[in-house]
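# Secondary and tertiary structure notes
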Amino acid sequence: MLDKLSSSLKDAVKKIAMSKRIDRHTVEELVRDLQRALIQADVRISMVKELSTRVRERALKEKAVLNPREHVIKILYEELMKILGRGVELPLRPQKVMMVGLHGSGKTSSCAKLARYFQKKGLKPAVICADIYRPAASAQLRQLCAEINVPFFDTASCGRTDVLEIVKAGVEEFERYDIKIIDTAGRHALESEMIEELRRIESEIKPEQRILVLDASIGQQASVQAKAFDDAIGITGIIITKMDGTAKGGGALSAVAETNSGVAFIGTGEKIDDLERFEPDRFVSRMLGMGDIKSLIEIAEENLEPEDAEAALKGKFTLNDLYKQLEALRKMGPFKKLVQMLPLGGLDIDLDDSAYQVTEEKLRKFRVIMDSMTEEERNEPKIIDGSRLRRIAIGSGTSTAEVNELLKYHRMMQKMMKSLTSGRGRVPIPIPKMRGMPVKMMKKLK
Ligand code: GDP
Ligand code: MG
């Protein structure tokens, strides 16, 4: 997500972290790097200029409480937070959520993603489709809802063709549901007809949330749309989609920051779970390569028992631990995504997808192999020599190559866990207290 901007910012942070002292020259270089990165991300020039001035002034004039390098990084962090705007949190209580936005912005996908989000939080969502103009839109949403077991209502459910009547009937039908999500029809541009229809639905249904969906690739243009929709129906939160597919997301975020509205979520992929709450502090931490401890905890808590999470991140690491951990990680979702959230600052491990594809089948095989080992071998895999290897392979009905695969995997994970828990990543991480903390400590941070 925003790979280019993020890697430029990380490089800038690295330069600061490596420099012997912070002087005018270092700060100028930082400001230049920053300008280049932000302009490429489509952040408005005048905004970039203002930010440059503030970074320059603060870095040279403000008295450093931390060491000078950390001080500059802190300033960078704070100033970036300012231009990326505020996050909005949708309350977890029964409510109606109306979704608006132009065609193709990702509205319909976001309806399903949002339903999934509330579902994970323990609320009961239901979805109503008010797009009567494109039958395909209704079918798409029905399909998405079926995938996550969320009830769905549209024109076919009530035999009506008037948008207002459909929505009213849907809201009534789903009276017992906590969250009623209403997908509306979009247009290709801000036409008055669409705005009029949205106004009518809004005044009739009075949805507590009016969520605008914006495609990140519109960059700076995000502010024009945000203002227009806000004038029409009052926007309570924004979802910026397709942050995974464009370099302009920084521009979209900063443009929204200049309006009355705040960003509630960002869409990071096409799958139903690819929706993240937008919280500027963790977003900026991640962009700067300082790790995203908060997101990691959230994922762990959503999907895991506490002891699983412990196992997943623990330092001491036997083959038994590996097994527990593989199960835990499998529950947490795509490993690569997870690793990107960790405060590693770059591990000496190739994050090749295939290396982390631990399928159910492989997991079963690993278990069988481990069952053929002695307790001693599981605790101290180093003692497994050629003859033990053959014995284990025969005992488990596998091959020595497969046993070796497990051992190799174990060594790789062990190396990674060590690096995680000791914080000895290849690249120095500028904020020492954020380095690879065990889960228990991380929880205290919240
Ligand atoms: P709508 O016309 O506003 O309802 O837009 P849709 O929900 O139909 O989305 C349009 C296209 O964008 C679809 O192909 C979606 O899969 C895709 N899409 C939506 N959100 C995201 C996202 O966050 N990331 C990516 N990569 N694609 C997305
Ligand atoms: Mg749609």
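Below you will find a few notes about this structure. (Residues numbered from 1 in each chain as written. Chains lettered and ligands numbered in written order. Predicted model: local features only at pLDDT ≥ 70, side-chain atom pairs only at ≥ 80, totals over all residues. Heavy atoms only, no water.)

### Observations regarding the site of ligand 1
Worth spelling out the cut-off: Being near a molecule or strand, for a residue, means having at least one of its heavy atoms within 4 Å of it. Two N or O atoms form a polar contact when they lie within 3.5 Å of each other; inside protein one atom must be a possible hydrogen donor and the other a possible acceptor, and for residues adjacent in sequence the pair counts only when both atoms belong to side chains. Per-residue and other accessible areas were derived by the Shrake-Rupley procedure at a 1.4 Å probe size, with only the shown protein chains allowed to occlude residues. Put simply, DSSP marks the helices as runs of H or I at least four residues long and the strands as runs of E at least two long, and each gets a number from the N terminus on. Three classes are used: nonpolar for Ala, Val, Leu, Ile, Met, Phe, Trp, Tyr, Cys and Pro, charged for Asp, Glu, Lys and Arg, and polar for all others, with Gly counted as polar.
Around ligand 1 there are 18 residues in total, and Gly104, Lys107, Thr108, Ser109 and Asp244 lie nearest to it. Glutamine 140 has a polar side-chain atom sitting 3.1 Å from an oxygen atom of ligand 1. Considering ligand 1 on its own, with 580 Å² of exposed area, one finds that the protein chains cover 80% of that surface. No other element matches the 4 residues that helix α5 (residues 107–120) contributes to the shell around ligand 1. For the shell around ligand 1, the residue count by class is 1 nonpolar, 11 polar and 6 charged.

### Some words on the pattern of salt bridges
In plain terms, the rule: One side-chain nitrogen of Lys or Arg within 4 Å of one carboxyl oxygen of Asp or Glu is enough to make a salt bridge. When accessible area is computed with a 1.4 Å probe and restricted to protein chains, residues below 20% of their type maximum are described as buried, those above 50% as exposed, and intermediate ones as partly exposed.
Counted according to the given criterion, the structure contains 30 salt bridges. Note that lysine 15 and aspartate 33 form a salt bridge whose closest N and O atoms lie 2.8 Å from each other. Placement of the pair is lysine 15 in helix α1 (residues 3–18) and aspartate 33 in helix α2 (residues 24–40), with a sequence separation of 18 residues. Notably, a salt bridge pairs aspartate 23 with arginine 21, separated by 3.6 Å at the nearest N-O pair. Assessed through its relative accessible area of 60%, arginine 21 is described here as exposed. One salt-bridge network, held together by shared partners, links Arg54, Arg58, Glu62, Lys74, Glu78, Glu79 and Lys82.

### Describing the state of the cysteines
The criterion, for reference: Two cysteine sulfur atoms make up a disulfide if the distance between them is within 2.5 Å.
Applying the stated rule across the entire model yields 0 disulfides. Left without a disulfide partner, cysteine 129 is nearest to the cysteine sulfur of cysteine 111, which lies 8.1 Å away. Accessibility expressed as a relative area gives 2% for cysteine 129, which makes it buried.

### Details of the sheet that holds strand β6 (residues 237–241)
Filter applied, for reference: Being paired, for any two strands, means DSSP has found at least two bridges between them. Note on contacts: a residue pair qualifies if any of its non-hydrogen atoms lie within 4.5 Å across the two residues. Axes here refer to lines fitted to C-alpha atoms; in helices the fit is confined to the stretch in contact. Angles between the N-to-C directions go from 0 to 180 degrees.
Taken together, 8 strands build an open sheet; the order of strands is β3-β2-β4-β1-β5-β6-β7-β8 and the sheet is mixed. In the strand order of this sheet, the two ends are held by β3 (152–153) and β8 (275–277), each with one partner. Examined bridge by bridge, strand β2 (residues 125–129) and β3 share 2 bridges and lie parallel to one another. When the sheet's bridge partners are listed, valine 127 is paired in β3 with phenylalanine 152. This element, helix α9 (residues 192–205), spans β1 (95–100), β4 (179–183) and β5 (209–215) of the sheet and lies at about 175 degrees to β1.

### Overview of the packing of α1 against α2
Using the following cut-off: The labels follow the angle: roughly parallel below 35 degrees, roughly antiparallel above 145, roughly perpendicular from 65 to 115, and oblique for the rest.
For the pair α1 and α2, the least separation of the axes is 9 Å and the interaxial angle reads 175 degrees. Comparing their axes, α2 and α1 come out roughly antiparallel. Across the interface between the two elements, Lys4, Leu5, Ser8, Leu9, Ala12, Lys15 and Ile16 of α1 pack against Thr26, Glu29, Leu30, Asp33, Leu34, Ala37, Leu38 and Gln40 of α2. Grouping the amino acids of the contact of α1 with α2 by side-chain chemistry returns 8 nonpolar, 3 polar and 4 charged.

### Looking at helix α6 (residues 135–147)
Under the convention used in this document: Here the expected span of a helix is defined as 1.5 Å times the quantity of residues minus one.
Along its 13 residues, α6 runs 19 Å from first to last C-alpha, staying within 8% of the 18 Å computed at 1.5 Å per residue. Against α5, β2, β3 and β4 lie the buried residues of α6. Phi turns positive one or two residues past the end of α6, at asparagine 149, with a value near 65 degrees.

### What to know about the packing of α9 against helix α10 (residues 222–233)
Our working definition: Take the far helix as the reference: if the near one is turned anticlockwise from it by less than a right angle, the crossing is left-handed, and if turned clockwise, right-handed.
The interhelical angle for the contact between α9 and α10, taken along N-to-C directions, is 45 degrees, at an axis separation of 9 Å. Here α10 runs oblique to α9, going by the angle between their axes. Once α9 is placed against α10, the crossing between them reads as right-handed. Facing α9, whose interface residues are Met194, Ile195, Leu198, Arg199 and Glu202, α10 presents Phe229, Ala232 and Ile233. A class-by-class count of the residues in the contact of α9 with α10 yields 6 nonpolar, no polar and 2 charged.

### Let's talk about the pairing of β2
The element β2 is extensively covered by neighbouring structure, given that 5 of its 5 residues are classed as buried. What you see with β2 is no split at all: Pro125, Val127 and Cys129 on one side and Ala126 and Ile128 on the other are buried throughout. Pairing analysis gives 5 bridges linking β2 to β4, with the strands arranged parallel. Bridging across to β4, cysteine 129 finds its partner in aspartate 183.

### Observations concerning the packing of aromatic side chains
What counts here: Stacked, tilted and edge-to-face pairs are distinguished by plane angle, under 30 degrees for stacked and over 60 for edge-to-face with tilted covering the rest, among Phe, Tyr and Trp rings (Trp via its six-membered ring) whose centres lie within 6.5 Å.
For the structure shown, the criterion picks out 6 aromatic pairs. A centroid spacing of 5.4 Å and a plane angle of 80 degrees characterise the contact between phenylalanine 174 and tyrosine 177, whose relative ring orientation is edge-to-face. On the basis of an interplanar angle of 45 degrees and a centroid distance of 6.1 Å, the ring pair of phenylalanine 366 and tyrosine 409 is categorised as tilted. Taken as a pair, phenylalanine 366 in helix α17 (residues 360–371) and tyrosine 409 in helix α20 (residues 400–422) lie far apart in primary sequence, 43 residues in all. A residue is classified by how much of its surface remains accessible, and phenylalanine 366, at 3% relative accessible area, is buried. Taking relative accessible area as the criterion, tyrosine 409 reaches 11% and is therefore assigned buried.

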